[in-house]
Amino acid sequence: MLKEAIDNVLGTAAAYTERQFPQSVVSCTVPRERFVDAAKAMKRAYALLAAEWATDETPFGGGFAVYACYRWGSEYLIVRTEVPVDDPTFPSLTKKYVPAYRFERQIHSLMGLVPAGHPDLRPWIKFEDWPEDSWPLRKTFNASTPLPRVNGEYQWVRAEGEGVYEIPVGPVHAGIIEPGHFRFQAVGEMIVNLEERLGYVHKGIEKRFESFSWQEGVKLAGRVSGDTTVAHSIAYSMAVEAIAQCNIPERAHWLRTLFLERERIANHLGDIGAICNDAAFAFMLYQAMRLKEMLLRTNLELFGHRFIMDRVMPGGVTADIDENGKKEILKELDLLSKDFERLVNIYDENSSLEDRVRDTGILIPERARELCTVGIVARASGLNLDCRLQNPFPPYDRFEVNVPVLISGDVHARAWVRVEEIRESIRIIRFILENIPDGSLSVNIAQPSPDTSGFAAVEGWRGEIIYWVQAGPRGEINRCMVRDPSSVNWLGLEQAIPGNIVPDFPLCNKSFNQSYSGHDL
Amino acid sequence: MIRILRQIFRTGIVTEPLPPAEEEIRVIGGKLEEAIKRRFRGSLTIREVDAGSCNGCELEIHAINNPIYNCERFGIHFTASPRFADMLLVTGPVSRNMEIALRRTYNATPPPKLVVAVGDCGCNGGIFGESYASLGGIDKVIPVDVYIPGCPTTPAALLKGILKAVDGNL
């Protein structure tokens, strides 16, 4: 579908490559002046923009390249365009696709390529006190030298008028959470505008990948966002397996899925508790944390780590499950689902809670689609997107995953999607434990061939995680692009807030619960 | 309402009777409570600062507040403002973009103050090491009293580390 749409508009101007794996993900190069035409064609085909990123391809003797990845249903299509070193500009896609707004600010800040026609070229992630010509993702940049601080000031969006005042919040927040800055413009209690400023936890992860071997990289991927360690390790590993053209044992897939669904339940439980807590219903937080702790302890006992960190690697997994382990999980799930259903009833019948969570922080479906949101946020706003359904790896292709989709887009919808997903994950884990095939846990991975690339998309508990890896001239990591769901969903929060009252912000924010670390990288 | 009450009574007090493997927590907890009573009049107030972590350590700091570890019973309380804090519990590595905020938080905490570096990254930068974006461990920016390694550090190790900071001669 998407390929036809490109061909209809660009014809022979689109050159397809055979060096992108898996080959179901189509990748083509278009001339720089046709980059926007390709985006228009994608827009007409109802595709969403999944990611946009840049690479430094000077080690191959070329210049830079900008990539845009589109998704429609189960199809992914990557459009690439080359950008010469002596004229580092490319046409901006922001007017066609809103999420390109942040992606391109990031490309501009970290790779030093100018998106021509972009409405807002303030730096992003790069702070105003970085030297302007420091572009960490360029190969000429020496990542081990500390950056000097320079003077500079960030230009905030201003709201003016009688009675408008500003509330700056962060980077150090009141609770035990990650750092970020929010600036509210409010009239009385009502928020008229929210501007996010992120980048505080930028650790140079994408650059750091380039100094790692393919096998070492998975440890770093597991620490992109600690609460999503399993999903990130799987996504990275699958991208590496794709580029190395290697198939892993069936059992390894099933075990990965087991870990992934356990991670989903644990995080959703924590979120449901925390959302209720932010509506002053502390009872639910303590009940949910109790159940979450039960899961983490089982993880430690069976797989050797409370968050199952470092148990997935390119080629397979390093933890197994035996008959006793299965029994233990089944026992735990019985306890969990009984208690969980009681809590759901309490949530459902509590009118004071309902009063807070309904009609609060609404992200309308049209906007959710426009922003190309993913995961829980998308599903609470009417978008039926779930990689487990649309891009299944075994065992997701063995059964139908029931994906909850709500249309109200409020705090309640985002909480309720989590409730339904916990139920579904419990069902999936039971299925896995009953049907998991025997076999080995891992295979050896070959070194990828030079100048190839690999792609993987995995549904983590927040939503779709994308990894795109590129092998350099010696088969090493030339680039590892990470797209956490937070990279797009943070935009959704910004749009859901205006019109709400200031005291509801923590509640709305919790219902999104996006990762700062996964966004800042 | 009746359901809520029933669930509360049905749950009872889940705060550890600990499984044998974590018997040590009860021992640590007892010592911790005693040390906090002696040195802090029964109340230790902590400000948590994420100076650049992956949020893994935050999950475990949340966990020591859950009803099973229930650190409040030992007199430990997490505060929103560094102005009230006796101790900064800092996760790392310190990102370049958080360096100034971390220094400001440290300066806003009234002396005498304790600083505890949490996690492998808080201790020495961990997997993120030192680079243009990461300055490495917490002690590269502010003085640290106690280091708690681990990736992420476990709830038991956290409580032990806090005890070590409170009661220097462990």
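What counts and what doesn't
- Residues numbered from 1 in each chain as written.
- Chains lettered and ligands numbered in written order.
- Predicted model: local features only at pLDDT ≥ 70, side-chain atom pairs only at ≥ 80, totals over all residues.
- Helix = DSSP H or I, 4+ residues; strand = E, 2+ residues; numbered from the N terminus.
- Buried ≥ 20, exposed ≤ 12 C-beta atoms within 10 Å, placed from the backbone.
- Contact = placed C-beta atoms within 7 Å.
- Pairing = 2+ DSSP bridges.
- Axes fitted to C-alpha atoms, helices over the stretch in contact; angles between N-to-C directions.
- Parallel < 35°, antiparallel > 145°, perpendicular 65-115°, else oblique.
- Left-handed = near helix turned anticlockwise from the far one by under 90°.
- Nonpolar A, V, L, I, M, F, W, Y, C, P; charged D, E, K, R; others polar.
- pLDDT = per-residue confidence, 0-100.
- Domains from an automatic or database assignment.
- Core = buried A, V, L, I, M, F, W, Y, C linked by C-beta atoms within 7 Å.

## Overview of the overall build of chain B
Regarding its fold elements, chain B presents six helices and five strands. Along its sequence from the N terminus, chain B presents helices and strands in the succession α-α-β-α-β-β-α-β-α-β-α. For chain B, with 170 residues in total, the buried portion stands at 51%. A separation of at least 24 residues holds for 80% of the contacts in chain B among residues at least 6 apart in sequence.

## As for the sheet that holds strand S3 (residues 87–91) of chain B
Residues and elements named next belong to chain B. An order of S2-S1-S3-S4-S5 is seen for the five strands of this open sheet, with the pairing classed as parallel. Looking at which strands have only one partner, the edges of the open sheet turn out to be strand S2 (76–78) and strand S5 (146–148). Each neighbouring strand pair of the sheet contributes to a mean axis angle of 30°, computed without reference to strand direction. Pairing analysis gives five bridges linking S3 to strand S4 (residues 114–118), with the strands arranged parallel. Counterpart to Thr91 in the pairing with S4 is Val118. Contacts from helix H3 (residues 56–63) reach strand S1 (44–50), S3 and S4 within the one sheet, and its direction differs from that of S3 by about 140°. Along the sheet, helix H6 (residues 155–166) contacts S1, S2, S3, S4 and S5; its crossing angle with S5, the most-contacted strand, is approximately 175°.

## A few points about the sheet that holds strand S5 (residues 64–72) of chain A
Residues and elements named next belong to chain A. Spatially, S1-S3-S6-S5-S4 is the arrangement adopted by the five strands of the open sheet, whose pairing is mixed. For this open sheet the edge positions go to strand S1 (15–16) and strand S4 (48–56), each flanked by a neighbour on one side alone. Note that S5 and strand S6 (residues 75–83) share nine bridges and pair antiparallel. Bridging across to S6, Trp72 finds its partner in Glu75. Here helix H1 (residues 2–10) sits on the sheet and contacts strand S3 (26–29), S5 and S6; the angle it forms with S6, its principal contact strand, is near 40°. Against the sheet, helix H3 (residues 100–111) contacts S4 and S5, and its axis sits at roughly 5° relative to S4.

## Description of the packing of H1(A) against helix H2 (residues 35–44) of chain A
Residue and element names in this part refer to chain A. Between H1 and H2, whose axes approach to 9 Å, the crossing angle comes to 135°. Regarding the angle of H1 to H2, the classification is oblique. Like other packed secondary-structure pairs, H1 and H2 cross with a definite hand, here right-handed. Every residue of H2 that contacts H1 at Leu2, Ala5, Ile6, Asn8, Val9 and Leu10 is listed here: Asp37, Ala38, Ala41, Met42 and Arg44. Here the contact of H1 with H2 is composed, by residue class, of eight nonpolar, one polar and two charged.

## Topic: the confidence of the model for chain B
All names here are of chain B. On average, chain B scores 88 in pLDDT, and the residues at 70 or more come to 94%. The weakest mean pLDDT in chain B belongs to helix H1 (residues 2–11) at 82; the strongest belongs to S4 at 96. Among the scores for the predicted complex, ipTM is 0.91 and pTM is 0.94.

## Re the pairing of strand S11 (residues 190–197) of chain A
Residues and elements named next belong to chain A. Bridge analysis of strand S10 (residues 181–187) against S11 gives seven bridges, and the strand direction is antiparallel. When the bridges of S11 are listed, Phe184 appears paired with Leu194. A loop of two residues connects S10 with S11, the two strands running antiparallel in sequence, and Gly188 in this loop sits at a positive phi of about 60°.

## Considering the interface of chain B and chain A
In many analyses, interface size is given as the accessible surface area lost on bringing the parts together. Facing the 36 residues of chain B at the interface are 42 residues of chain A. Looking at the side of chain B that touches chain A, the elements that each hand over two or more residues are H1, S1, H3 and helix H4 (99–108) of chain B. A per-element tally of the side of chain B that touches chain A places H3(B) first, with six residues. Looking at side-chain class alone, the side of chain B that touches chain A contains 19 nonpolar, 12 polar and five charged residues.

## Thoughts on the domain arrangement of chain A
Residue and element names in this part refer to chain A. Here the domain parsing of chain A yields domain 1 (2–116) and domain 2 (205–520). For domain 1 and domain 2, the distance between their C-alpha centroids amounts to 27 Å. Each partner contributes residues to the interface: domain 1 has 20 residues there, and domain 2 has 24 residues. Only strand S2 (20–21) and S4 provide two or more residues apiece to the side of domain 1 that touches domain 2. The element that contributes the greatest number of residues to the side of domain 1 that touches domain 2 is S4, accounting for six residues. The residue inventory of the side of domain 1 that touches domain 2, partitioned by class, reads 14 nonpolar, four polar and two charged.

## Here's the deal with the nonpolar core
Counting 211 residues, the largest nonpolar core has Tyr70(A), Ala235(A), Ala239(A), Tyr467(A) and Val116(B) as the members making the most contacts within it. Here the element with the most residues in this core is helix H7 (residues 250–278) of chain A; it accounts for 13 residues. Shared between two domains, this core holds at least three residues of each, these being domain 1 (2–116) and domain 2 (205–520) of chain A.

## Some points on the pairing of S10(A)
In terms of strand pairing, strand S9 (residues 164–169) of chain A meets S10(A) through six bridges, oriented antiparallel. Considered in S10(A), the bridge of Tyr165(A) is made with Ala186(A).

## Details of the environment of Gln514(A)
Residues and elements named next belong to chain A. For Gln514, the location among the structural elements is in the loop between helix H16 (505–512) and helix H17 (516–520). A tally of 27 C-beta atoms within 10 Å means that Gln514 is categorised as buried. Remark: the alpha-carbon pair of Gln514 and Val377, spanning 137 residues in sequence, is separated by 9.7 Å.

## Here we look at the packing of H7(A) against helix H14 (residues 411–435) of chain A
Residue and element names in this part refer to chain A. As a packed pair, H7 and H14 sit with axes 9 Å apart at the nearest point and diverge in direction by 150°. Considered as vectors, H7 and H14 are oriented roughly antiparallel to each other. Along this stretch, H7 crosses H14, giving a crossing that reads as left-handed. Counting all contacts with H7, which are made through Trp254, Thr257, Leu258, Glu261, Arg262, Arg264, Ile265, His268, Leu269, Asp271, Ile272 and Ile275, the residues of H14 involved are Val411, Ala415, Arg418, Val419, Glu421, Ile422, Ser425, Ile428, Ile429 and Ile432. Grouping the constituent residues of the contact of H7 with H14 by class yields 13 nonpolar, three polar and six charged.

## Some thoughts on unusual backbone geometry
A negative phi angle is the norm for most residues apart from glycine, just as the trans form is the norm for most peptide bonds. The linkage connecting Gly170(A) with the following residue, Pro171(A), adopts the cis geometry, with an omega of 10°. Checked against the element boundaries, Pro171(A) lands in the loop between S9 and S10. The amide bond that connects Pro394(A) to the next residue, Pro395(A), takes the cis arrangement and shows omega of 5°. Among the structural elements, Pro395(A) can be located in the loop between helix H13 (387–390) and H14. Its identity as a non-glycine residue notwithstanding, Gln245(A) has a phi of 50°, on the positive side. In this fold, Gln245(A) is placed in the loop between helix H6 (229–243) and H7. Given 15 C-beta atoms within 10 Å, Gln245(A) falls into the partly exposed group. Despite not being glycine, Arg41(B) shows a phi value in the positive range, around 55°. Here Arg41(B) is to be found in the loop between helix H2 (23–40) and S1.

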